[in-house]
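Observations on the three-dimensional arrangement
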Amino acid sequence: MKIIGTGSALPKEIVTNDMLAGFLDTSDAWITTRTGIRTRHLQSHETLRDLALSAAQAALVSSGVQAEDIDYLICSNVANSYVSPSLGSILLGPLGCCCPTFDLNGACAGLVYSLDIADSFLKTGKARKILIVAAEEPSRFCNWHERETSVLFGDGASALVVTEGESFVDFRLTGDTHTDILYYKRSMEATPYDRVEEKTTPLVMNGREVFRLAVNSCIEDIDTLLERNGKTPDDIELFLVHQANLRIIDCIREHLEQPKEKFPTNLQNYGNTSSASIGILIDEMSRAGELKDGATLVLSAFGGGFVTGAALLKWSQINY
Ligand code: COA
């Protein structure tokens, strides 16, 4: 499998830490030192559909693939305003794709999970060209009266077009049950058999525990991936890690004893955009010519569940 097109889209509204400090008991100093985040883009007038559509269209244009030639649309999304139909179904018509689609909830690791599935579809000949869209609106899960989670997230979408090729070398995905440390519950209707109506619960997070699991599991994923492919951290040009917290990325980097330049970040500007984050980074860096042809990259992501996903690949340059 190789990536032949990339796209991303962010809401127009840029919200600074100082703006949040205007209505939450927080400060620019706290958010910056604990997370590295300075601003985030939050949906105001756009919908998630708009962002997903524009990221997908940009990816299609850069790939040179026509929408009708896409064989599968895989949509990575934790939740949107519809439980059903899927976000993938919502996008098919406006994109002009007529192919099977499904949404995948791999939390913030959803893009790596989608790539892993796309790789299998391509290897078995089930599809030849796949559009992956990772679109997330975590700002709509948070309790905006509490400072613990709302300062961390941003909204956004990214998209990749993938086809047959030799770029991706290996994946490592893991999963474990830690439901209590990071969850978002939807409301449930009462039925004649179960009269308990359940109200939606804004995102609940045990930040310290998520931090610990994130660092340990990403390190384990990357170490395993490198070892079983006969590589050392020095062989890797860039590590593109889920953009949740600069301190998480620094802990992983320090374990691997690698310089800062090898761990590019954009979370300063966008916050944690969940499964869209690595795709936004890839799109921005690829368009800026910062992903060199033949460069060996590691992608590494983690998210609620607890799930993780990492991939090892050689980048093939895209001409925009
Ligand atoms: N502004 C100011 N103070 C805040 C705050 C905020 N936005 N959020 C929490 N605090 C306070 C806490 O109430 C606590 O106060 P106390 O000492 O009086 O009890 C203090 O800051 C320290 O809280 P703590 O949770 O120990 O901070 P931390 O160093 O662990 O940083 C996170 C908190 C959330 C930034 C960090 O744990 C983290 O990033 N975890 C991972 C989260 C994540 O990535 N989630 C998404 C996964 S995909």
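Residues numbered from 1 in each chain as written. Predicted model: local features only at pLDDT ≥ 70, side-chain atom pairs only at ≥ 80, totals over all residues. Heavy atoms only, no water.

1. Concerning unusual backbone geometry
Geometrically, the link from serine 84 to proline 85 is a cis peptide bond, its omega value of 5° lying close to zero. Structurally, proline 85 is set in the loop between β4 (72-76) and α4 (87-95). Within the chain, alanine 107 stands out as a residue other than glycine whose phi angle is a positive 50°. Among the structural elements, alanine 107 can be located in the loop between β5 (101-104) and α5 (110-123). Among the residues examined, alanine 107 registers a relative accessible area of 10% and is labelled buried. One non-glycine residue, glutamate 257, lies in positive phi territory at about 55°. Owing to a relative accessible area of 69%, glutamate 257 belongs among the exposed residues under this scheme. (Helix = DSSP H or I, 4+ residues; strand = E, 2+ residues; numbered from the N terminus. Buried < 20%, exposed > 50% of the residue type's maximum accessible area, 1.4 Å probe, protein only.)

2. Thoughts on α4
Here α4 has its buried residues at Leu87, Gly88, Ile90, Leu91, Leu92 and Leu95. Elements that come into contact with the buried residues of α4 comprise α3 (48-63), β4, β5 and β6 (129-136). Where α4 ends, the next residue or the one after it, glycine 96, has phi of about 85°, a positive value. (Contact = heavy atoms within 4.5 Å.)

3. Some remarks on the domain arrangement of the chain
For the chain, the assigned domains are domain 1 (2-166) and domain 2 (170-314). In this structure, domain 1 and domain 2 have C-alpha centres spaced 14 Å apart. Residue-level contacts link 47 residues of domain 1 with 40 residues of domain 2. Summing both sides of the interface, domain 1 and domain 2 together bury roughly 3,400 Å²; the carbon and sulfur share of this comes to 66%. For the pair domain 1 and domain 2, the interface holds 0 salt bridges. In this structure, the connection of domain 1 to domain 2 is made through 18 residue pairs in polar contact (both at pLDDT 80 or more). At the level of secondary structure, the elements contributing two or more residues to the side of domain 1 that touches domain 2 comprise β1 (2-9), α2 (28-35), β3 (39-42), α3, α5, β6, α6 (147-150) and β7 (156-163). Residues that form the side of domain 1 that touches domain 2 fall into these classes: 21 nonpolar, 17 polar and 9 charged. (Domains from an automatic or database assignment. Buried area = accessible area lost by both parts, 1.4 Å probe. Salt bridge = Lys/Arg side-chain N within 4 Å of Asp/Glu carboxyl O. Polar contact = N/O pair within 3.5 Å; in protein donor to acceptor, adjacent residues only side chain to side chain. Nonpolar A, V, L, I, M, F, W, Y, C, P; charged D, E, K, R; others polar.)

4. Observations regarding the sheet that holds β6
Across the sheet, which stays open at both edges, the 5 strands sit in the order β1-β7-β6-β4-β5 with mixed pairing between neighbours. Across the chains shown, the open sheet's two edge strands, defined by having one partner strand only, are β1 and β5. Within this sheet the neighbouring strands show an average axis-to-axis angle of 20°, counted without direction. Both β4 and β5 contribute to a ladder of 4 bridges, which runs parallel. The residue of β5 that forms the bridge with serine 76 is leucine 104. Lying on the sheet, helix α10 (residues 277-287) is in contact with β1 and β7; it crosses β1 at an angle near 105°. (Pairing = 2+ DSSP bridges. Axes fitted to C-alpha atoms, helices over the stretch in contact; angles between N-to-C directions.)

5. Topic: the sheet that holds strand β13 (residues 307-314)
Strand pairing in a sheet is mediated by backbone hydrogen bonds. Such pairs are either parallel or antiparallel. Within the open sheet, the 4 strands sit side by side as β8-β13-β12-β11. Their pairing is mixed. At either end of the open sheet lies a strand with only one pairing partner, and these are β8 (168-175) and β11 (238-241). This sheet shows a mean twist of 10° between the axes of neighbouring strands, independent of strand direction. One ladder, built from 8 bridges, connects strand β12 (residues 296-303) with β13; its direction is antiparallel. Bridge pairing in β13 links leucine 297 to leucine 313. Sheet strands in contact with α5 are β8, β12 and β13, and its direction is about 125° off that of β8. Those strands touched by helix α7 (residues 207-228) are β8, β11, β12 and β13, and its axis lies near 145° from that of β8.

6. Topic: the pairing of β12
In terms of residue burial, β12 counts as a mostly covered element, since 8 of its 8 residues are buried. Of the two faces of β12, the one lined by Thr296, Val298, Ser300 and Phe302 and the one lined by Leu297, Leu299, Ala301 and Gly303 are each fully buried. Alignment of β11 against β12, held across 4 bridges, turns out to be parallel. Directly across from leucine 238, in β12, lies its bridge partner leucine 297. If you look at the hairpin formed by β12 and β13, you'll find 3 residues sitting between the two strands, and glycine 305 has a positive phi there, around 150°.

7. Focus on the site of the ligand
Looking at the ligand, there are 22 residues lining it, with Thr26, Arg34, Gly207, Arg208 and Asn245 nearest. Take arginine 34: an N or O atom from its side chain is 2.8 Å from an oxygen atom of the ligand. In the model, an oxygen atom of the ligand is placed 2.7 Å from a nitrogen or oxygen of the asparagine 245 side chain. Contact with the protein chains covers 76% of the free accessible surface of the ligand, which is 970 Å². Of all elements in the fold, only α2, α6, α7 and α8 (246-256) reach the threshold of two or more residues within the shell around the ligand. The leading source of residues in the shell around the ligand is α7, at 4 residues. Counting only domains with at least three residues in the shell around the ligand, you end up with domain 1 (2-166) and domain 2 (170-314). (Near = heavy atom within 4 Å. Areas by Shrake-Rupley, 256 points an atom, 1.4 Å probe, with all protein chains shown as cover.)

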